Amino acid sequence: MTHFTLSKKMNELEVKLIGDLDIDSTELIEEELLPALMQHQTIIINFEEVPFIDSSGIGLLLSTIQTLNEQQIALTISKVRTEVMDIFEILQIPEIVGKDIFV
């Protein structure tokens, strides 16, 4: 089961995702996390504890990035595990959303 922790610093919010980002976690992210993101100017999503992401997780991530971009909220994705980054690169996610998002 996926869960997350939030760390706030001024207008910056760090989100640490814990667990697989898959179809089982999309409802949690959409209903609980996304509204919290909209209240900050800068978001850092920490993927350190995400060992797996499936197509629904990719779709959710792309949708979240688009929503944040539309609201002019800065986003950084950090500490992506090699196995997850391999999936991102195969699907050309860095090229689609911008390589500068990943640190």
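None of these values were measured; they are calculated from a predicted model.

(A) Local environment of the pattern of salt bridges. Summed over the entire model, instances satisfying the criterion amount to two salt bridges. When the shortest N-O distance is used, the salt bridge between Glu83 and Arg81 registers 3.6 Å. A residue is classified by how much of its surface remains accessible, and Glu83, at 38% relative accessible area, is partly exposed. Lys99 is the partner of Glu95 in a salt bridge, and the nearest nitrogen-oxygen pair spans 3.6 Å.

(B) Main features of the nonpolar core. Ranked by internal contacts, the top residues of the largest apolar core, which has 30 residues, are Leu17, Ile43, Phe47, Ile77, Phe88 and Phe102. Elements with a contribution of two residues or more to this core: β2 (12–18), α1 (26–37), β3 (42–49), α2 (55–70), β4 (74–78), α3 (82–90) and α4 (93–97). The dominant element in this core, judged by the number of residues it contributes, is α2, at five residues. Setting aside anything within four residues of it in sequence, one finds Phe47 in contact with Leu17, Leu21, Ile53, Leu61, Ile77, Ser78, Lys79, Val80, Arg81, Val84 and Phe88.

Calculation criteria
- Residue indices begin from 1 for each chain and proceed along its sequence in written order.
- A pLDDT threshold of at least 70 governs which residues receive local features in this predicted model, and a stricter bar of 80 or more applies before side-chain atom pairs are shown or counted, although totals over entire chains, interfaces and linings include all residues.
- Remark: hydrogens and water are excluded; side-chain values derive from all non-hydrogen atoms of the structure.
- The salt bridge definition used is simple: a Lys or Arg side-chain nitrogen within 4 Å of an Asp or Glu carboxyl oxygen.
- The classification of residues rests on relative accessible area computed with a 1.4 Å probe and restricted to protein chains. Under 20% of the type maximum is buried, over 50% is exposed, and intermediate values are partly exposed.
- Think of a nonpolar core as a cluster: buried Ala, Val, Leu, Ile, Met, Phe, Trp, Tyr and Cys residues, connected wherever their side-chain atoms sit within 4.5 Å.
- For the purposes of this entry, the term helix denotes a DSSP run of H or I that reaches at least four residues, the term strand denotes a run of E that reaches at least two, and both are numbered from the N terminus.
- Whether two residues touch is decided by their heavy atoms; if any such pair falls within 4.5 Å, the residues are in contact.

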